Protein chains: 2
Amino acid sequence: VKENEFLSVINNTLKDNSFLGDDCAFIEEGLYITQDSLVEDVHFDLKTITPRQLGYKSVAVNLSDIASCLAKPKYITISFSAPNSCTNAFIEEFYKGISEICQNYGVKVIGGDITGGEKIFISITAIGAKASPYKAARNCAKEGQVVFSTGFHGLSAAGLCLITNGDSSDKTLINAHLKPIPNIKEAEMLAKVIDSDIALMDTSDGLGDALYKISEASNVCLSVDYNKIKAAENLIQASKKYNKPLQDWIFWGGEDYNLVGTISKKAFDKLDKNIFTQIGEVLPLKDRNVIIKNQKDLPFIDKKVFESKVYNHFE
Amino acid sequence: VKENEFLSVINNTLKDNSFLGDDCAFIEEGLYITQDSLVEDVHFDLKTITPRQLGYKSVAVNLSDIASCLAKPKYITISFSAPNSCTNAFIEEFYKGISEICQNYGVKVIGGDITGGEKIFISITAIGAKASPYKAARNCAKEGQVVFSTGFHGLSAAGLCLITNGDSSDKTLINAHLKPIPNIKEAEMLAKVIDSDIALMDTSDGLGDALYKISEASNVCLSVDYNKIKAAENLIQASKKYNKPLQDWIFWGGEDYNLVGTISKKAFDKLDKNIFTQIGEVLPLKDRNVIIKNQKDLPFIDKKVFESKVYNHFE
């Protein structure tokens, strides 16, 4: 896949692993930094998202990366590029969306720029403060830990399916896609209870992606039980209505921005079970990265399954 | 002008002055942050710049902003968006340019992302450490200070003129445009000698722009002597060859990335005069923001002159 090819070239050229690995960079000043971009007609379509939602979501995506490092988001800068035809009203609504989410999470907009361009391009840098003495990274999973996740998986993909079909029947699914909630509070809760490093990722690229990447980076097998992964009732309805395999949305839908990770049993017991669900356990790595019990169409995820699914996701 | 209109809308929406004022934001962790973007066919044309030069220049522009805050650049993150037709060789050359300038100045690439898009879009965030107990900002000019600048002005604009005319006769001018030098070392020298806050800007939008903005933000008049502003011999030759007014390149050419500022006489005396040139002095503000002695075609810069020139520059 082109993106991975480019990443290899970049990493070979820069001669360090800056672009691979975790979602944020940690600097010695005690801060986590992440930069992510959204490009018109690649990441979003102005026919299906309002400028205000776009502003909100652009920030949400970056704050989710900060949350997945257990950091507390503090600042953002925003580069915004738009064609000459862009109106003042669009700009106002876009920055209202940004202002709204920043106020919700106590984040300050400290800079950025605005430039011309044929398509809308948004690049946001988010900066967060270290909030735990322990590390949260995809290579920290250890045998014997609990595999957990927050929220429902697949809602955003189902929401997008409804939107593209002009179906406004389920606002919850649509909002999951247009106005995702970064797990800032959930990250705070995790930071309070952990007593050692944990594996953690957000589900920006799907639950299956997060599970596979944690397994691969940590050299462990994650065994999860499909029956323990919460499937929302409206997701099940939508999958029937549109004849889409439910497990595809749940594992590969992406853009949900839930947290997935591994944590000691002792720390997990201190978490609110209405928010954090145990979905499996960490085993020694054998043949398969991820084993999915009680799921006959997707009984496991190995490199081959992962690549075929992720390719589909990028297409 | 559209950009200023947008900036007003943004500032009204965000309800603080995040987007106005200085080139970098200062955060309580002791760091300066800046984010700037370069858009294909707006800021650069792939017919006239190589991928390697583009990588180099994209970073240079951001490091120059860090230098203009007297900070020491430490980290960058890079968002890069390119069409599917982009080759691995392009990516490699682009990141080689980035790697080169980062090595030159001890800067570490700590993250970023790569995405698809119709045009090339580059957005870089640079992070620098505070290197002086004193502040360098455009509103710090005080009556009685010396007005100084580094380097030659107008070389980049002249270089672009040569490039667009297919004239490769003067490599110095062409390199001034394609491979500008951020004044990191000059900022270090300033940090060493100052004993109070100074006004400082880079000349990314031209000497005239920097002088006017310092005057306006500081409520002082900057009186400069045209005879003291170093005009490079090859710049004079090029202005004759292409029949371009020399003072237009010098004051409004932009993209030179020199430093312009105001500083106490005592501190100025400690600076290397091969690098820093006194070009004038700070007077109380009367009718005009900037007075230019010995320059009959541009005897002063007030709001009206500034806006007419800056408009031209954006067109």
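Overview of the structure. (Residues numbered from 1 in each chain as written. Chains lettered and ligands numbered in written order. Predicted model: local features only at pLDDT ≥ 70, side-chain atom pairs only at ≥ 80, totals over all residues. Heavy atoms only, no water.)

**Describing the overall build of chain A**
Then, number 1: Helices and strands together make up the secondary structure of chain A, namely 11 helices and 12 strands.
Then, number 2: Burial analysis of chain A (315 residues in total) assigns 59% to the buried set.
Then, number 3: By sequence separation, contacts in chain A at least 24 residues apart represent 82% of the contacts at least 6 residues apart.
Then, number 4: Accessible area of chain A: about 12900 Å², with a carbon and sulfur share of 49%.
Then, number 5: Computed over 35 positive and 41 negative side-chain charges, the inter-centroid distance for chain A is 4 Å. (Helix = DSSP H or I, 4+ residues; strand = E, 2+ residues; numbered from the N terminus. Buried < 20%, exposed > 50% of the residue type's maximum accessible area, 1.4 Å probe, protein only. Contact = heavy atoms within 4.5 Å. Areas by Shrake-Rupley, 256 points an atom, 1.4 Å probe, with all protein chains shown as cover. Lys, Arg positive; Asp, Glu negative; His and termini not counted. Charge placed at Lys NZ, Arg CZ, Asp CG, Glu CD.)

**Section: the sheet that holds strand 9 (residues 259–263) of chain B**
The pairing of strands in a sheet comes from backbone hydrogen bonds and takes either a parallel or an antiparallel form.
All names here are of chain B.
Then, number 1: Spatially, 7 strands are ordered 7-9-6-10-8-11-12 in an open sheet, and the strand pairing comes out mixed. Pairing within the sheet leaves two strands with one partner each, and these edge strands are strand 7 (199–202) and strand 12 (300–301).
Then, number 2: In the sheet, strand 6 (residues 146–150) pairs with strand 9 via 4 bridges, with the strands oriented antiparallel. For F148, the partnering residue across the bridge sits in strand 9 and is G261. (Pairing = 2+ DSSP bridges.)

**What about the state of the cysteines?**
Residue and element names in this part refer to chain A.
Then, number 1: Counted according to the given criterion, the structure contains 0 disulfides over all chains.
Then, number 2: The thiol sulfur of C102 is not disulfide-bonded, and the nearest other cysteine sulfur, from C24, lies at 16 Å.
Then, number 3: Using a relative accessible area of 4% as the deciding quantity, one classes C102 as buried. (Disulfide = S-S within 2.5 Å.)

**Side note on the pairing of strand 8 (residues 220–225) of chain B**
All names here are of chain B.
Then, number 1: With respect to burial, strand 8 is a largely interior element, 6 of its 6 residues being buried.
Then, number 2: Side chains V220, L222 and V224 of strand 8 all project onto a buried face; the interleaved residues C221, S223 and D225 project onto the opposite face, where all are buried too.
Then, number 3: By the bridge criterion, 4 bridges tie strand 8 to strand 11 (residues 290–293) in an arrangement that is parallel. Bridging from a neighbouring strand, D225 pairs with K293 of strand 11.

**What about the packing of aromatic side chains?**
Then, number 1: One pass over the full model with this rule turns up 16 aromatic pairs over all chains.
Then, number 2: Geometrically, the ring pair formed by Y212(A) and F306(A) is stacked, given 4.1 Å between the ring centres and 15° between the ring planes. Remark: F306(A) occurs in helix 11 (residues 303–314) and Y212(A) occurs in helix 7 (residues 207–218); sequence separation between them is 94 residues.
Then, number 3: Their ring planes at 45° and their centres at 4.7 Å tell us that F26(B) and Y32(B) sit as a pair that is tilted.
Then, number 4: On the basis of relative accessible area, F26(B) is assigned to the partly exposed category, the value being 42%.
Then, number 5: In textbook terms, an aromatic cluster arises when at least three aromatic residues are bridged by ring pairs, as seen for F80(A), F94(A) and Y95(A).
Then, number 6: Between the NZ or CZ atom of K230(B) and the centre of the ring of F152(B), over which it lies, the distance is 5.1 Å.
Then, number 7: We note R288(B) situated over the ring of F300(B); from NZ or CZ to the ring centre the distance is 3.7 Å. (Phe/Tyr/Trp six-rings, centres within 6.5 Å; stacked < 30°, edge-to-face > 60°. Lys NZ or Arg CZ within 6 Å of the ring centre and 35° of its normal.)

**Observations concerning the interface of chain A and chain B**
Then, number 1: In this assembly, 57 residues from chain A lie in contact with 57 residues from chain B.
Then, number 2: Our count for the chain A to chain B interface comes out at 6 salt bridges.
Then, number 3: Across the pair K119(A) and E118(B) runs a salt bridge whose closest N-O atoms are separated by 3.3 Å.
Then, number 4: Along the contact surface separating chain A from chain B lie 21 residue pairs in polar contact (both at pLDDT 80 or more).
Then, number 5: Taken together, the elements giving at least two residues each to the side of chain A that touches chain B come down to helix 1 (2–14), strand 1 (25–27), strand 2 (31–39), strand 3 (71–82), helix 3 (88–105), strand 4 (108–116) and strand 5 (121–130) of chain A. (Salt bridge = Lys/Arg side-chain N within 4 Å of Asp/Glu carboxyl O. Polar contact = N/O pair within 3.5 Å; in protein donor to acceptor, adjacent residues only side chain to side chain.)

**Concerning the packing of helix 4 (residues 155–164) of chain A against helix 5 (residues 171–178) of chain A**
All names here are of chain A.
Then, number 1: Running from amino to carboxyl end, helix 4 crosses helix 5 at an angle of 105°, the nearest separation of the two axes being 7 Å. Relative to helix 5, the element helix 4 is oriented roughly perpendicular. Every residue of helix 5 that contacts helix 4 at L155, S156, A158, G159, L160, L162 and I163 is listed here: L173, I174, A176, H177 and L178.
Then, number 2: Class assignment of the residues belonging to the contact of helix 4 with helix 5 gives a composition of 9 nonpolar, 3 polar and no charged. (Axes fitted to C-alpha atoms, helices over the stretch in contact; angles between N-to-C directions. Parallel < 35°, antiparallel > 145°, perpendicular 65-115°, else oblique. Nonpolar A, V, L, I, M, F, W, Y, C, P; charged D, E, K, R; others polar.)

**Some words on helix 1 of chain A**
Then, number 1: For helix 1 of chain A, built from 13 residues, the straight-helix expectation of 18 Å at 1.5 Å per residue is met to within 8% by its first-to-last C-alpha distance of 18 Å.
Then, number 2: Taken from the residues just after helix 1 of chain A, K15(A) is the one with a positive phi, measuring 60°. (Expected span 1.5 Å × (residues − 1).)

**Some remarks on helix 8 (residues 233–241) of chain A**
Residue and element names in this part refer to chain A.
Then, number 1: For helix 8, the set of buried residues is L235, A238 and S239. The buried residues of helix 8 occupy an angular sector of 100° when projected down its axis, which confines them to one face. Along helix 8, exposed side chains directed more than 90 degrees from the buried face belong to E233, K240 and K241.
Then, number 2: Contact partners of the buried residues in helix 8: helix 4, helix 5 and helix 9 (246–252).
Then, number 3: Just past helix 8, the residue N243 takes up positive phi, approximately 55°. (Arc of directions from axis to C-beta.)

**Considerations on the sheet that holds strand 3 (residues 72–82) of chain B**
Residues and elements named next belong to chain B.
Then, number 1: If you walk across this open sheet you meet the 5 strands as 1-2-5-3-4, and the pairing is mixed. What marks the edges here is a single partner per strand, and that holds for strand 1 (25–27) and strand 4 (108–116). Taking each pair of neighbouring strands and ignoring which way they run, the sheet shows an average axis angle of 20°.
Then, number 2: Where strand 2 (residues 31–39) and strand 5 (residues 121–129) come together, 9 bridges link them in antiparallel fashion. What sits directly across from Q35, in strand 5, is T125.

**Quick look at the environment of D248(A)**
All names here are of chain A.
Then, number 1: Relative to the helices and strands, D248 is located in helix 9.
Then, number 2: Counting along the chain gives 50 residues from D248 to L298, while the straight-line C-alpha distance between them is 8.9 Å.
Then, number 3: Dropping the residues within four chain positions of it, D248 is found in contact with G253 and K309.

**A short note on the environment of I10(B)**
Then, number 1: Inspection of the secondary structure puts I10(B) in helix 1 (residues 2–14).
Then, number 2: Linking I10(B) and K286(B), residues 276 residues apart in sequence, is a C-alpha distance of 31 Å.

**Side note on the relation of the copies chain A and chain B**
Then, number 1: Its rotation angle being 180°, the transformation that places chain A on chain B also includes 0.0 Å of axial translation and leaves an RMSD of 0.0 Å. The transformation relating the two chain copies, once decomposed into turn and shift, fits a two-fold axis.
Then, number 2: An overlap of 100% is found between the interface residues of chain A and their copies at the interface of chain B, pointing to a shared contact surface. (Least-squares fit on C-alpha atoms with pLDDT ≥ 70 in both.)

**Looking at unusual backbone geometry**
All names here are of chain A.
Then, number 1: We note that N219 has phi near 55°; this positive angle belongs to a residue other than glycine.
Then, number 2: For N219, a relative accessible area of 54% gives the class exposed.
Then, number 3: With a phi angle near 60°, E255 is a residue other than glycine that sits in the positive phi range.
Then, number 4: Structurally, E255 is set in the loop between helix 9 and strand 9 (259–263).
Then, number 5: E255 sits in the partly exposed class, given a relative accessible area of 22%.

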